[in-house]
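Inside the fold
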Amino acid sequence: MSNCNLILRNVVEDDLPVFFKHQQNLEANYLAAFTSKDPSDWDSFILHWNKILTNKDIIKQTIIVENNVVGHVLCFEQFGESEVSYWIGNEYWGKGIATKALQEFLKHVTIRPLYARAAKDNVGSLKVLKRCGFTITGEDIGFSNARNKDVQEFILTLN
């Protein structure tokens, strides 16, 4: 599917139920590690996404493959630096979609340096980031709601 018809477009409210469904996946939450306290809380989810949608400083794109919403990619400020994050529905993992979507996103988001974070054991996400030119430049530890403990993460940089 890496040669799939992939399109990035602005996030719209109709995408949110799909994003919410993606957030329900326990394995995805475990791997992402730094997630909401209660992934099944629709009200918190909508409150969070309304903040994202109304914040003009956040670049937010929905990933569409063959007319299906498969995930999203964002660029936002965290810890005073521009950072990228993405989420792909688990049914689309391992097909090159995250890599292709991030590569496309990075053609339009030219902020450098650009940072990303991934739990050290999130092998798939680390591969995606490295394929897109990010290199590991640091480490951190943060509390993971999904795991209910502190988790080691890599900080990656794209210059």
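What comes next concerns the included structure. Once a new chain begins, its residue numbering starts again from 1 and follows that chain's sequence as written. Per-residue local features are limited, in this predicted model, to residues with pLDDT of at least 70; the limit for side-chain atom pairs, both in listing and counting, is 80 or more; totals at the level of whole chains, interfaces and linings are taken over all residues. In computing side-chain values, all of the structure's heavy atoms are included and hydrogens and water are not.

**A few points about the packing of aromatic side chains**
- Centre distance within 6.5 Å is the pairing criterion for rings of Phe, Tyr and Trp, where only the six-membered ring of Trp is used; planes under 30 degrees apart are then read as stacked, over 60 as edge-to-face, and the remainder as tilted. Under the definition given, this model contains 5 aromatic pairs.
- Here the aromatic rings of Phe19 and Trp49 are separated by 5.1 Å at their centres, their planes lie at 40 degrees, and the arrangement is tilted. Here the residue Phe19 occupies a position in helix α1 (residues 16-23), and Trp49 occupies one in helix α3 (residues 42-54), the gap between them amounting to 30 residues.
- The classification of residues rests on relative accessible area computed with a 1.4 Å probe and restricted to protein chains. Under 20% of the type maximum is buried, over 50% is exposed, and intermediate values are partly exposed. What makes Trp49 buried here is its relative accessible area of 4%.
- Residues Phe20 and Trp42 carry aromatic rings whose centres are separated by 4.9 Å and whose planes lie at 85 degrees to one another, so their mutual orientation is edge-to-face. Taken as a pair, Phe20 in helix α1 and Trp42 in helix α3 lie far apart in primary sequence, 22 residues in all.
- Exposure remark for Trp42: the relative accessible area of 34% places this residue in the partly exposed category.
- Within the aromatic cluster, the residues linked to one another by ring pairs are Phe19, Phe20, Trp42, Phe45 and Trp49.
- Definition used: whenever NZ (Lys) or CZ (Arg) falls within 6 Å of the ring centre and also within 35 degrees of the ring normal, the charge is taken to sit over that ring. A cation over a ring is seen here: Arg147 above Tyr30, with NZ or CZ 3.9 Å from the ring centre. We count a stretch as a helix when DSSP gives it H or I for four or more residues in a row; a strand needs E for two or more, and each element gets its number in order from the N terminus.

**Focus on the packing of α1 against α3**
- Axis definition: a line fitted to C-alpha atoms, over the contacting stretch in the case of helices. Angles run 0 to 180 degrees between N-to-C directions. Where α1 meets α3, the closest approach of the two axes is 11 Å, and the angle between their N-to-C directions is 125 degrees. Regarding the angle of α1 to α3, the classification is oblique. The interaxial crossing formed by α1 with α3 has right-handed handedness. Listed contacts from α3 to Leu16, Pro17, Phe19, Phe20 and Gln23 of α1 are Trp42, Phe45, Ile46, Trp49 and Leu53. Should an angle fall under 35 degrees it is taken as roughly parallel, and over 145 as roughly antiparallel, whereas 65 to 115 is taken as roughly perpendicular and any remaining angle as oblique. Left-handed describes a crossing whose near helix is turned anticlockwise from the far helix by less than a right angle; the clockwise case is right-handed. Here, residues are in contact when the closest pair of their heavy atoms is within 4.5 Å.

**A closer look at unusual backbone geometry**
- Residue Pro113 follows Arg112 across a cis peptide bond; omega there is -5 degrees.
- Along the chain, Pro113 falls in the loop between α4 (97-108) and β5 (114-119).
- For Ala33, which is not glycine, the phi torsion reads 70 degrees and is therefore positive.
- With respect to the secondary-structure elements, Ala33 resides in the loop between α2 (26-32) and α3.
- With relative accessibility at 0%, the residue Ala33 sits in the buried group.
- One non-glycine residue, Phe79, lies in the positive phi region at around 55 degrees.
- Mapping Phe79 onto the fold places it in the loop between β3 (68-78) and β4 (81-88).
- Given the relative accessible area of 62%, Phe79 is considered exposed.

**With respect to α3**
- Here the expected span of a helix is defined as 1.5 Å times the quantity of residues minus one. Counted at 1.5 Å a residue, the expected span for α3 with its 13 residues is 18 Å, and the 18 Å between its end C-alpha atoms agrees.
- Those residues of α3 that sit buried are Phe45, Ile46, Trp49 and Ile52. Down the axis of α3, the sector holding all buried residues measures 120 degrees, keeping them to one side. Exposed side chains of α3 directed beyond 90 degrees from the buried face belong to Asp43, Leu47, Lys51 and Thr54.
- In the core, the buried residues of α3 are packed alongside α1, β2 (59-65) and β3.
- Of the residues that open α3, the one with a side-chain oxygen 3.1 Å from the backbone nitrogen of Asp43 is Asp41. When we speak of the arc, we mean the arc of directions from the helix axis to the C-beta atoms. We define a polar contact as two N or O atoms separated by no more than 3.5 Å, with the added condition that, inside protein, one atom must be a possible hydrogen donor and the other a possible acceptor, whereas residues neighbouring each other in sequence contribute only through side-chain atom pairs.

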